[in-house]
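Residue-level structure breakdown
Spelled out from the first residue to the last, the chains are:
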Amino acid sequence: IRVDLSGSAGAAAVVREWVDEERVDVLNEGIGDEADLLVGPNEWESVTGELENLAASYEILSEDVVGDVETERAQLLSAVPGVFDFNNYYAVKYMHSHLDALVSRHPGKAETFSLGQTYQGRDMKAIRISNNVASSGSKPIIWVDGGIHAREWVSSATVMYIVNSLLGEVEPSLQSKFQGLMNKYQFVILPMSNPDGYEFSRTGNRFWRKTRRPSGCKYGYETSNGRCIYGKCYGVDPNRNWDIDFGRQGVSKNPCSDVYPGKSAFTEKNTQAMSSWLAKHASQIDLYLSFHSYSQLFLKPVGYDRNPPVDAAMHNAAGSAVVNAIYGTHGKVYKNIRSVELYPTSGSSQDWMYSKGVKNAYTIELRDTGRHGFQLPASQIIPTGEENVRGFLALLETL
């Protein structure tokens, strides 16, 4: 359900209590003027009854989430093993093998490398793309990542679409523009930045958001010998785990929460690997862009301070260029807003990069606006890629 919190005093606080008590899950990125809640059958009557008592209106986005998941799983099973395309969502190993295949087909323009390994031992494979890639190390860097939140499948698919566009595998009409940009820049792209969580969302809990490392005991309660009283928790929200305003806003102290930031910044191997590489190359990075889903938003720094940053005018112009290009592709409306206007958050990758001097540091929330949410049908992968590769080009033209 989507709950309108704007006209009900106290409703947001009640929803936060429900989340901490694990009565509901929040599916969109935070509790602002509205919240998308996943409500189970055992909680339905009490949750909707309390909302009515609070005079908080709501609409049903999906009456059968389990049915939606089963439909999606049937689509996954239709995929041909070993094949990668944009007609389905694929396992990490097939994404990585596709990156290697692209390098084989474009040896002068692409090379892969690993940023490191995750808690479960999966590679964080990145691809570097540029004309004369072997001698492009001194060029300014355009960084793009996706998949930091496990359940946001279309984010990695869209980043893969951008990779394929740069190398001319798709979007032939854009190649003249990309060729000029590849002379100027090196594109460093990490399509899957949370592979452990992503694989768990495919095989276990479809709505899993976090990493998969054991993170503590539920509510922090444990016995004197270290056993968890109410159950063991797994994972940290990797987009609350960065060392910027850490642990203050938009987070929970409960290790089982979807927005648990960890005991300290950079506790997770994937955020350690990303931040290490990004910090080393920060002076070369002209653009940091992270793809998420859903809500159709272009999010600008910063998420933890309502005062506009000194680069706000530049950010506004960049956002306007992107959302206009996206709208001109398939008529989809993406809003151009600051992250804090949506809801206050601490510890995001975008804001950490901005704090490191990368003035152009942004997040794009992809399709849709809630009907399908994270379970965006595979039939929308290509149109989402088409509109966002054009938004990406428009953004590069503002640099």
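Residues numbered from 1 in each chain as written. Predicted model: local features only at pLDDT ≥ 70, side-chain atom pairs only at ≥ 80, totals over all residues. Heavy atoms only, no water.

**Focus on the sheet that holds strand 4 (residues 58–59)**
Test applied: Note: two strands are recorded as paired if DSSP finds a minimum of 2 bridges between them. Numbering of helices and strands runs from the N terminus, with a helix taken as a DSSP run of H or I at least four residues long and a strand as a DSSP run of E at least two residues long.
Taking strand neighbours across the sheet as the criterion, the four strands line up as 2-3-1-4 in an open arrangement whose pairing is antiparallel. Strand pairing shows two members of the sheet lacking a second neighbour, strand 2 (24–26) and strand 4, which therefore form its edges. Relative to strand 3 (residues 34–39), strand 1 (residues 2–4) is paired through three bridges, and the arrangement is antiparallel. Bridge pairing in strand 3 links Asp4 to Glu34.

**Re the pairing of strand 11 (residues 285–293)**
For clarity, the cut-off: Using a 1.4 Å probe on the protein chains alone, a residue whose accessible area is under 20% of its type maximum counts as buried, one over 50% counts as exposed, and one in between counts as partly exposed.
Within strand 11, eight of the nine residues are buried, which leaves the element mostly enclosed by the surrounding structure. Here strand 7 (residues 141–146) pairs with strand 11 via six bridges, running parallel. By the bridge assignment, Val144 is partnered in strand 11 with Leu289. Bridge analysis of strand 11 against strand 14 (residues 361–366) gives six bridges, and the strand direction is parallel. Paired with His292 across the strands is Glu365, a residue of strand 14.

**Structural notes on the layout of surface pockets**
Where we set the bar: The way it works is a 1 Å grid over only the protein atoms, where trapped points that fit a 1.4 Å probe form a cavity and open points with protein on both sides within 12 Å along at least five of seven lines form a pocket, and then any residue with an atom within 4 Å of a point lines it. Grid points are joined across faces, edges and corners, and a volume is the space filled by probe spheres set on the points.
Estimates place the volume of the largest pocket at around 760 Å³. Elements represented by at least two residues in the lining of the largest pocket include exactly helix 1 (11–20), strand 2 and strand 3.

**Notes on the environment of Glu111**
Let me state the cut-off plainly: Residue contacts are defined here by distance: any two heavy atoms, one from each residue, within 4.5 Å place the two residues in contact. Whenever a nitrogen or oxygen atom comes within 3.5 Å of another N or O atom, the pair is scored as a polar contact, on the condition that within protein one atom can donate a hydrogen and the other can accept it, and that pairs from neighbouring residues in sequence are kept only if both atoms are in side chains.
On the secondary structure map, Glu111 appears in strand 5 (residues 110–117). Taking the relative accessible area as the measure of exposure, Glu111 reaches 28% and is therefore partly exposed. Separated by 96 residues in sequence, Glu111 and Phe207 place their C-alpha atoms 33 Å apart. The contact partners of Glu111, leaving out residues within four places of it in the chain, are Val103, Ala126, Ile127, Arg128 and Val133. Side chain to side chain, Glu111 and Arg128 meet in a polar contact 2.7 Å long.

**Some details on the sheet that holds strand 6 (residues 123–129)**
For clarity, the threshold we go by: Interaxial angles span 0 to 180 degrees and are taken between N-to-C directions of axes, which are lines fitted to C-alpha atoms, for helices over the stretch in contact.
Here we have eight strands laid out as an open sheet, ordered 5-6-8-7-11-14-12-13, and mixed in their pairing. Strand pairing shows two members of the sheet lacking a second neighbour, strand 5 and strand 13 (335–338), which therefore form its edges. For this sheet the average axis-to-axis angle between neighbouring strands, irrespective of direction, equals 20 degrees. As defined by bridge partners, strand 7 adjoins strand 8 (residues 186–190) across five bridges and the pair is classed as parallel. Its bridge partner lying in strand 8, Ile142 is registered against Phe187. The strands touched by helix 12 (residues 381–397) are strand 7, strand 8, strand 11, strand 12 (297–300) and strand 14; relative to strand 11, the strand with the most contacts, the crossing angle is about 155 degrees.

**Section: helix 6 (residues 175–184)**
Heads up, the rule is: The arc in question is the one spanned by the directions pointing from the helix axis to the C-beta atoms.
Burial in helix 6 covers these residues: Gln175, Phe178, Leu181 and Met182. Here the buried residues of helix 6 occupy an arc of 120 degrees about the axis, which is enough to place them on one side. Along helix 6, exposed side chains directed more than 90 degrees from the buried face belong to Ser176 and Asn183. In this structure, the buried residues of helix 6 make contact with strand 6, helix 5 (153–166), strand 8 and helix 12.

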